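Examination of the molecular architecture
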Amino acid sequence: MKIKHGIIGLGGMGSWHCDNVKAHLSDRMEVVAAYDIRPEVKDHAENKGLKFYENLDDFLASDIDLVTIATPNNFHMPLTVAALNAGKHVICEKPIAMNAGELETMIAAAKANGKVFACHQNRRWDRDFRIIKSLVDDGSLGKPYFIESRVQGSRRSLVGWRDYAVNGGGMVYDWGIHLIDQIMWMIDSPVVQIAPNLHKVFSREVDDNFKVLFTFENGVSALVEVSTNCFINQPRWHVSFEEGTAIVEDWDCHGKIVKLSDSGEMSWDNDIVYTSAGPTRTMAPRPVHTTKQLELPKVNTDWADYYRNIVDVIAGDAELIVKPEQTLRVMRVIDAIFECDRTGEPIKCRI
Ligand code: NAD
């Protein structure tokens, strides 16, 4: 029998959820209903073939099995708890909550009601990320020790509710949570130090540009950057491994790996090189024959796999890929970032 699916908040992302499920999971799941506080969403919902509810209790009393919550972030916790208490499975958009305390309340409600509950961390299925994760996992370039992950835009403005603190606006919650979740899923070690740098360049209330430097207990460092005022972009990923360097330039996954050549010919005249900026020996370019360039690994990913996993978990055939306890670690790191921003001090921790 198909899972009956309802959506709370049929705005940009809620509509995407509806279309995505229809396009990729129509054999296992059916989107049947939507609830939104804006009554004018009714026509939009009905055009998508959904029964529209103006009242949350009526929506939750209907026979839907699974609710996806895609409202502004401050409503995630109360709506998730209400849906779980009404006996529904819940997918909640990122950031799953405003802080770790709220998420603990949500996890307790899921446990009390015996329902599936997961955050929509869809960017674990991004191809650029999976390329880097495959290199970290297969060890072909040795261990990573410095990871740089960036998304950079220049549109400056944060649209609508994303510009307001009360709604959980700002770029740490919006994009940061994706990039931090990716790195914490990829690096199997506790975060032991967090040093953030948050800016309000144009926003009055929330961070619109930030960098955070993380240190993991196993020695890996990671720099995460989100910019909305950057006019010359750096690579999406730049990763230093013991045996080489990998970059993914852009969303289309152009990039390369450069590592030591296999020829064993590693000697050259270790002379000082005179550049226009002055002499250097350490930073002089390596002779080309001592390195080789490789293509990035081919990796296939599919965002719909997120939903396929949820359906399998509801059927009792699989474990969640995005586990609430992983999301809780990420939320604790987000809490620590805001705490450091308040105090101006980097934080030592074990998350
Ligand atoms: P949006 O403003 O386009 O849509 C939000 C919708 O929620 C609107 O239709 C609004 O009327 C409705 N709403 C607001 N308060 C509500 C309430 N209390 N009860 C019911 N409905 C309510 O916002 P969006 O861009 O779609 O973002 C929604 C959520 O999706 C956010 O949490 C955001 O972080 C997340 N999001 C995730 C991704 C992703 O890739 N995972 C991408 C975009 C947005």
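Everything numeric in this text was worked out from a predicted model, so none of it was measured. (Residues numbered from 1 in each chain as written. Predicted model: local features only at pLDDT ≥ 70, side-chain atom pairs only at ≥ 80, totals over all residues. Heavy atoms only, no water.)

**Topic: the domain arrangement of the protein**
Where we set the bar: As annotated, the domain borders come from an automatic or database domain assignment. Any two residues whose heavy atoms approach within 4.5 Å at even a single point are treated as in contact. Put simply, buried area is how much 1.4 Å-probe accessible surface two parts lose in total, over both of them, once they are put together. A side-chain nitrogen of Lys or Arg and a carboxyl oxygen of Asp or Glu constitute a salt bridge if their distance falls within 4 Å.
Domain boundaries assigned for the protein yield domain 1 (3-120 + 303-318) and domain 2 (124-302 + 332-348). One C-alpha centre belongs to domain 1, the other to domain 2; they are set 32 Å apart. Between domain 1 and domain 2, the contact holds 16 residues from the first and 15 residues from the second. Here domain 1 meets domain 2 over a buried area of about 1,400 Å², counting both sides, of which 50% is carbon and sulfur. Summed over the three residues of domain 1 that lose the most area to domain 2, namely Lys-94, Met-98 and Trp-303, the buried surface amounts to 37% of that side. Counting every contact that joins domain 1 to domain 2 gives three salt bridges.

**Considering the site of the ligand**
To keep things clear, this is the line we draw: In this text, near means that some heavy atom of the residue lies within 4 Å of the molecule or strand in question. As used in this structure description, the phrase polar contact means that two N or O atoms lie within 3.5 Å; if the pair is within protein, one of them must be able to donate a hydrogen and the other to accept it, and residues adjacent in sequence are counted only when both atoms belong to side chains. Method for areas: the Shrake-Rupley scheme with a 1.4 Å probe, in which residue coverage is limited to the protein chains shown. Using a grid of 1 Å spacing that covers the protein atoms alone, one calls a set of points a cavity when a 1.4 Å probe fits there but cannot get out, and a pocket when the set is open and has protein on both sides within 12 Å along at least five of seven lines; lining residues are those with an atom within 4 Å of a point. The rule for placing a molecule in a cavity or pocket is simple: more than half of its atoms must lie within 2 Å of the grid points. Polar here means any residue outside two lists: the nonpolar Ala, Val, Leu, Ile, Met, Phe, Trp, Tyr, Cys and Pro, and the charged Asp, Glu, Lys and Arg; Gly therefore counts as polar.
Taken together, 24 residues form the shell around the ligand, and within it Met-13, Asp-36, Arg-38, Asn-73 and Asn-122 come nearest. Note that an oxygen atom of the ligand is positioned 3.1 Å from one of the backbone N or O atoms of Thr-71. Considering the ligand on its own, with 850 Å² of exposed area, one finds that the protein chains cover 85% of that surface. Among the cavities detected, the one that contains the ligand is the largest pocket. Among the residues making up the shell around the ligand, the classes are represented as 10 nonpolar, nine polar and five charged. In terms of domain composition, the shell around the ligand takes at least three residues from each of domain 1 (3-120 + 303-318) and domain 2 (124-302 + 332-348).

**Notes on the packing of helix α1 (residues 12-24) against helix α8 (residues 304-314)**
Heads up, the rule is: Lines fitted to the C-alpha atoms define the axes, with helices restricted to the stretch that makes contact. Angles between their N-to-C directions range from 0 to 180 degrees. Secondary structure elements are defined from DSSP: runs of H or I of at least 4 residues count as helices, runs of E of at least 2 residues count as strands, and each element is numbered from the N terminus. Each angle receives one of four descriptions, namely roughly parallel if under 35 degrees, roughly antiparallel if over 145, roughly perpendicular if within 65 to 115, and oblique otherwise.
Interhelical geometry of α1 versus α8 gives an angle of 75 degrees and a closest axis separation of 10 Å. When the axes of α1 and α8 are compared, the pair comes out roughly perpendicular. On α8, the residues touching His-17, Asn-20, Val-21 and His-24 of α1 are Ala-304, Tyr-307 and Arg-308. Of the residues contributing to the contact of α1 with α8, the split by class is three nonpolar, three polar and one charged.

**Notes on the nonpolar core**
A general trend in soluble globular proteins is that nonpolar side chains are found buried together. Spelled out, the test is: Remark: nonpolar core denotes a set of buried residues (Ala, Val, Leu, Ile, Met, Phe, Trp, Tyr, Cys) joined through side-chain atoms within 4.5 Å. Accessible area is worked out with a 1.4 Å probe on protein chains only. A residue is then buried under 20% of its type maximum, exposed over 50%, and partly exposed in between.
If you look at the biggest cluster of nonpolar residues, it comprises 105 residues, and the most contacted ones within it are Phe-59, Phe-117, Ile-194 and Phe-214. Counting contributing residues, this core receives three or more from each of domain 1 (3-120 + 303-318) and domain 2 (124-302 + 332-348). Once residues within four sequence positions are removed from consideration, Ile-194 is found in contact with Val-212, Leu-213, Phe-214, Val-333, Ala-336, Ile-337, Cys-340, Pro-346, Ile-347, Cys-349 and Ile-351.

**Comments concerning α8**
Turning to α8, its buried residues number three or more, namely Ala-304, Tyr-306, Tyr-307, Asn-309, Ile-310, Val-311 and Val-313. Summarising the contacts, the buried residues of α8 are in contact with β1 (3-8), α1, β2 (29-35), β4 (66-69), β5 (89-93) and β6 (117-120). Just downstream of α8 lies Gly-316, where phi reads positive at about 80 degrees.

**Thoughts on helix α5 (residues 100-113)**
Residue pairs spaced three or four apart in an α-helix point in one direction, given the helix's 3.6 residues per turn. The criterion, for reference: Helix span is expected to be 1.5 Å times the residue number reduced by one.
Its 14 residues give α5 an end-to-end C-alpha distance of 20 Å, which sits within 8% of 20 Å, the value for a rise of 1.5 Å per residue. Every buried residue of α5 is accounted for by Ala-100, Glu-102, Leu-103, Met-106, Ile-107, Ala-109 and Ala-110. At the N-terminal boundary of α5, the capping side chain belongs to Asn-99, with an oxygen 3.1 Å from the backbone nitrogen of Gly-101. The positive-phi residue at the C-terminal boundary of α5 is Gly-114, with phi of around 60 degrees.

**So, the pairing of strand β8 (residues 191-199)**
Our working rule: Note on pairing: two strands pair once DSSP finds at least 2 bridges between them.
Looking at chain direction, β8 and strand β9 (residues 209-216) are connected through eight bridges and run antiparallel. The residue of β9 that forms the bridge with Ile-194 is Phe-214. The pairing of β8 with strand β17 (residues 347-348) spans two bridges and is antiparallel. Within β17, the residue paired with Gln-193 across the bridge is Lys-348.

**Focus on the side chain of Glu-148**
You can see Glu-148 is positioned in strand β7 (residues 144-152). Of note is the side chain of Glu-148, whose polar atom sits 2.7 Å from the side chain of Arg-150.

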